[in-house]
Amino acid sequence: PPLLSTQDIIIELDISGNATIEVDQIILSTSDNCDEPIISIDPLNFNCADVGDNIIEVTSSDSSGNMRNCLATVFLPYIYFSVKTGSSLIRLCNT
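What counts as what
Residues numbered from 1 in each chain as written. Predicted model: local features only at pLDDT ≥ 70, side-chain atom pairs only at ≥ 80, totals over all residues. Heavy atoms only, no water. Helix = DSSP H or I, 4+ residues; strand = E, 2+ residues; numbered from the N terminus. Buried < 20%, exposed > 50% of the residue type's maximum accessible area, 1.4 Å probe, protein only. Contact = heavy atoms within 4.5 Å. Areas by Shrake-Rupley, 256 points an atom, 1.4 Å probe, with all protein chains shown as cover. Pairing = 2+ DSSP bridges. Core = buried A, V, L, I, M, F, W, Y, C linked by side-chain atoms within 4.5 Å. pLDDT = per-residue confidence, 0-100.

A look at the overall build of the protein chain
Then comes step 1: Scanning the protein chain from N- to C-terminus turns up one helix and ten strands.
Then comes step 2: When the elements of the protein chain are put in sequence order from the N terminus, they spell out β-β-β-α-β-β-β-β-β-β-β.
Then comes step 3: Taken over 95 residues, the protein chain has a buried fraction of 34%.
Then comes step 4: In the protein chain, of all internal contacts separated by at least 6 residues, the share reaching a separation of at least 24 is 50%.
Then comes step 5: When the accessible surface of the protein chain is totalled, it reaches about 5,800 Å², and 49% of it is carbon and sulfur.

Quick notes on the sheet that holds strand 8 (residues 67–76)
Then comes step 1: Spatial strand order, 2-8-7-5: four strands in an open sheet with mixed pairing. What marks the edges here is a single partner per strand, and that holds for strand 2 (9–10) and strand 5 (38–42).
Then comes step 2: Across five bridges, strand 5 lies against strand 7 (residues 52–61) in antiparallel orientation. Each residue of the ladder has a partner; that of Ile38, found in strand 7, is Ser61.

A look at the nonpolar core
Then comes step 1: In terms of nonpolar packing, the biggest core is built from 17 residues, with Ile11, Ile21, Ile26, Phe46, Ile56, Val58 and Val74 touching the most fellow members.
Then comes step 2: Within the residue set of this core, elements represented by two or more residues are strand 7 and strand 8.
Then comes step 3: Top element by residues in this core is strand 8. It accounts for four residues.
Then comes step 4: Among all residues touching Val74, those that are not within four sequence positions of it are Ile9, Ile11, Ile21, Ile26, Phe46, Gly52, Asp53, Asn54 and Ile56.

Digging into the environment of Ile27
Then comes step 1: Along the chain, Ile27 falls in strand 4 (residues 27–31).
Then comes step 2: When its relative accessible area of 14% is taken as the criterion, Ile27 is described as buried.
Then comes step 3: In the structure, Ile27 is positioned 21 residues away from Thr6 in sequence and 4.5 Å away in space, judged by C-alpha atoms.
Then comes step 4: The residues touching Ile27, leaving out its near neighbours within four places in the chain, are Leu4, Ser5, Thr6, Ile39 and Val58.

Concerning the confidence of the model for the protein chain
Then comes step 1: Scored by pLDDT, the protein chain has a mean of 88; 85% of the residues are at 70 or more.
Then comes step 2: Mean pLDDT across the elements of the protein chain bottoms out in strand 9 (residues 81–85) (62) and peaks in strand 2 (98).

The following block contains the structure:
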């Protein structure tokens, strides 16, 4: 099966209360003796409901159907946003 090494990361939500991770943020290394492995991450997208620790599954697979799974933690710190729209103040990720 492919070799796979991951790392835990911290990401911040944007002003809309959303975040997306990229493969290169999580993967430290991956290799296979046949070809370049295909990487999948679940989940990739986060929002206000995900503030705190999130366990994600990273899968590396090769063209022969061999797979390697690893878990990593994505931490989303609570960040309080206030956005003024006209005369209203909107609070995003209000907990």
